[in-house]
Amino acid sequence: MRFFREHSKLISRLFVNQIGMTVFGLVLTLAVMRAADNNTALTVGVSVFSILFYLFLIYNVMWEKGARDVVRIESGKEEKKPFFALKVSAAASIPNFVLALLLFLFYLLGTAAGLPIGQTLYTVMHIILGLFEAMYVGLFGAILGLVETDGTRYLLACILYLLSSLPMILVSVGAYALGMHNIYLFGKKPKEGAK
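About the thresholds
Residues numbered from 1 in each chain as written. Predicted model: local features only at pLDDT ≥ 70, side-chain atom pairs only at ≥ 80, totals over all residues. Heavy atoms only, no water. Helix = DSSP H or I, 4+ residues; strand = E, 2+ residues; numbered from the N terminus. Buried < 20%, exposed > 50% of the residue type's maximum accessible area, 1.4 Å probe, protein only. Areas by Shrake-Rupley, 256 points an atom, 1.4 Å probe, with all protein chains shown as cover. Core = buried A, V, L, I, M, F, W, Y, C linked by side-chain atoms within 4.5 Å. Contact = heavy atoms within 4.5 Å. Polar contact = N/O pair within 3.5 Å; in protein donor to acceptor, adjacent residues only side chain to side chain. Salt bridge = Lys/Arg side-chain N within 4 Å of Asp/Glu carboxyl O.

This part is about the overall build of the chain. Within the chain, the regular secondary structure consists of 9 helices and 0 strands. Counting only C-alpha atoms and orienting by the principal axes, one finds that the chain spans roughly 60 × 40 × 20 Å. Within the chain, buried positions represent 37% of all 195 residues. Accessible surface for the chain amounts to roughly 11,300 Å². Of this, 69% is attributable to carbon and sulfur atoms.

Next up on the list: the nonpolar core. With 41 residues, the main nonpolar core has Leu14, Tyr54, Met62, Leu103 and Tyr122 as its most contacted residues. Sorting the residues of this core by element identifies helix H2 (8-35), helix H3 (40-74), helix H4 (84-92), helix H5 (94-112), helix H6 (116-132), helix H7 (137-145), helix H8 (150-163) and helix H9 (166-180) as the ones contributing at least two each. In terms of residue count, H3 provides more of this core than any other element does, 10 residues in total. Non-local contacts of Leu103, meaning those with residues more than four positions away in its chain, are made with Tyr122, Met125, His126, Leu129, Ala157, Cys158 and Tyr161.

Take the side chain of Ser164 next. With respect to the helices, strands and loops of the structure, Ser164 is situated in the loop between H8 and H9. A polar side-chain atom of Ser164 sits 2.9 Å from the main-chain carbonyl oxygen of Tyr161.

A separate point is the pattern of salt bridges. Counting across every chain of the model gives 6 salt bridges. Arg72 is the partner of Glu78 in a salt bridge, and the nearest nitrogen-oxygen pair spans 3.0 Å. For Arg72, a relative accessible area of 38% puts it in the partly exposed group. Lys81 is paired through a salt bridge with Glu78; the nearest N and O atoms lie 2.8 Å apart. One connected set of salt bridges, linked through shared partners, spans Arg72, Glu78 and Lys81.

Turning our attention to the environment of Ala67. By secondary structure assignment, the location of Ala67 is in helix H3. Considered as a pair, Ala67 and Met135 are 68 residues apart in the sequence and their alpha carbons are 28 Å apart. For Ala67, the residues in contact, after removing those within four places along its chain, are Gly179 and Met180.

Right under this line is the structure:
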């Protein structure tokens, strides 16, 4: 709990980026689906663009944090925290993990146990996850469209949503490490206060 309190601002910032990109991804994907008459290639392209833009925002947040932390560590004001970026990004992904685990639980109730309430709850949770992580909807929809049997498709959806936070976590860890070494991948990082 102490970790959450001490780093709540950064965790919140990562989570707010996801919510912002969810709105962006949802609007963009729905607009393209409507305009292009559900053209799968175009929908996947827009979804991939939304995901990459989201990861770029995460990259910037974590790179800046790494660049600030290295200065504090080198000056002796702060100790180096092992696995810091991993912990922060995993903490920001807790809502995603909880919803994905609920989706899997409802899959088990609906498909494995054959309970109608499980199938209904699975459908509702799938819609909620689609709204909560809308930048992935186009890509996941295309992947799920390749699977013919319902049970396999439902299980694959659970796996995709369980793994959906992995790119963000990996980018966070990598960006933080690059920030600690002052290596910026996208050109030269502007100095703060520069006009």
